[in-house]
Amino acid sequence: MKVVIIDGQGGRIGQSLVEKIKEAKISCDITAIGTNSAATAAMLKAGADRGATGENPVLVACRDADVIMGPLGIIAADSLMGEITADMAAAVARCSAVKVLLPVNMCKKIVAGTRSMTMSALISEAVTQLREMITA
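What comes next is a walk through the structure. Since this is a predicted model, take the numbers as computed values, not measurements.

**Comments concerning the nonpolar core**
Ranked by internal contacts, the top residues of the largest apolar core, which has 24 residues, are I5, L17, I21, M69, L102 and L130. Broken down by secondary-structure element, the contributors of at least two residues to this core are β1 (2–7), α1 (12–23), β2 (29–34), β4 (67–71), β5 (98–102) and α6 (119–135). At five residues, the largest contribution of residues to this core is made by α6. L102 has contacts with I13, L17, G70, P71, L72, L122, I123 and A126, leaving out every residue within four places of it along the chain.

The following block contains the structure:
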């Protein structure tokens, strides 16, 4: 199973996702795509199998991903403090991959109906969802 993790800014969310997936020993291939080099480096340091940076890697990775993980903002243009372009958001939203998105209520995108959880709890929930998809 090909898992693509997309993150920006410092890459902390993506880094945590990679770490928890590796700790859980989930059998999958992780491609880390950062909107900037710091985000990519953080995810690679955490153990991603490969990584790339920028808009075009997002567009290419979405073509054959089975699962895409990251903050909710990766499907909204101008999110992550402007790091997500309209083309990136469209590529993620339109691809056939299952999206496991963390409802981070930032950048003026608020998800009504979600319960307030710590980032650690959100990461754990996302990894549980991934495990259930792979073992089903």
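**Comments concerning the environment of A38**
As for its position among the elements, A38 is in helix α2 (residues 37–45). What makes A38 partly exposed here is its relative accessible area of 44%. Separated by 31 residues in the primary sequence, A38 and D7 place their C-alpha atoms 10.0 Å from one another. Excluding residues within four positions of it along the chain, A38 makes contact with Q9 and G10.

**Things to note about the side chain of Q15**
Take Q15: it is sitting in helix α1. Since its relative accessible area comes to 16%, Q15 is described here as buried.

**Observations regarding the sheet that holds β2**
To summarise the sheet geometry, strands pair through backbone hydrogen bonds and adopt either a parallel or an antiparallel arrangement. Spatial strand order, β3-β2-β1-β4-β5: five strands in an open sheet with parallel pairing. For this open sheet the edge positions go to β3 (50–53) and β5, each flanked by a neighbour on one side alone. Each strand axis lies, on average, 20° off the axis of its neighbour in the sheet, ignoring direction. Note that β2 and β3 share four bridges and pair parallel. Residue G34 lies in a different strand from β3, and its bridge partner there is T53. α6 contacts β1, β4 and β5 of the sheet and is inclined by roughly 165° relative to β5.

**A closer look at α6**
Under the 1.5 Å per step criterion, the end-to-end length of α6 is 24 Å for 17 residues, consistent within 8% with the ideal 24 Å. Among the residues of α6, those classed as buried are L122, I123, A126, V127 and L130. Down the axis of α6, the buried side of the element spans an arc of 135°, and every buried residue falls inside it. On its buried face, α6 is in contact with β1, α1, β4 and β5.

Rules of the game
Residues numbered from 1 in each chain as written. Predicted model: local features only at pLDDT ≥ 70, side-chain atom pairs only at ≥ 80, totals over all residues. Heavy atoms only, no water. Core = buried A, V, L, I, M, F, W, Y, C linked by side-chain atoms within 4.5 Å. Buried < 20%, exposed > 50% of the residue type's maximum accessible area, 1.4 Å probe, protein only. Helix = DSSP H or I, 4+ residues; strand = E, 2+ residues; numbered from the N terminus. Contact = heavy atoms within 4.5 Å. Pairing = 2+ DSSP bridges. Axes fitted to C-alpha atoms, helices over the stretch in contact; angles between N-to-C directions. Expected span 1.5 Å × (residues − 1). Arc of directions from axis to C-beta.

Any functional reading would require information that these geometric values do not contain.
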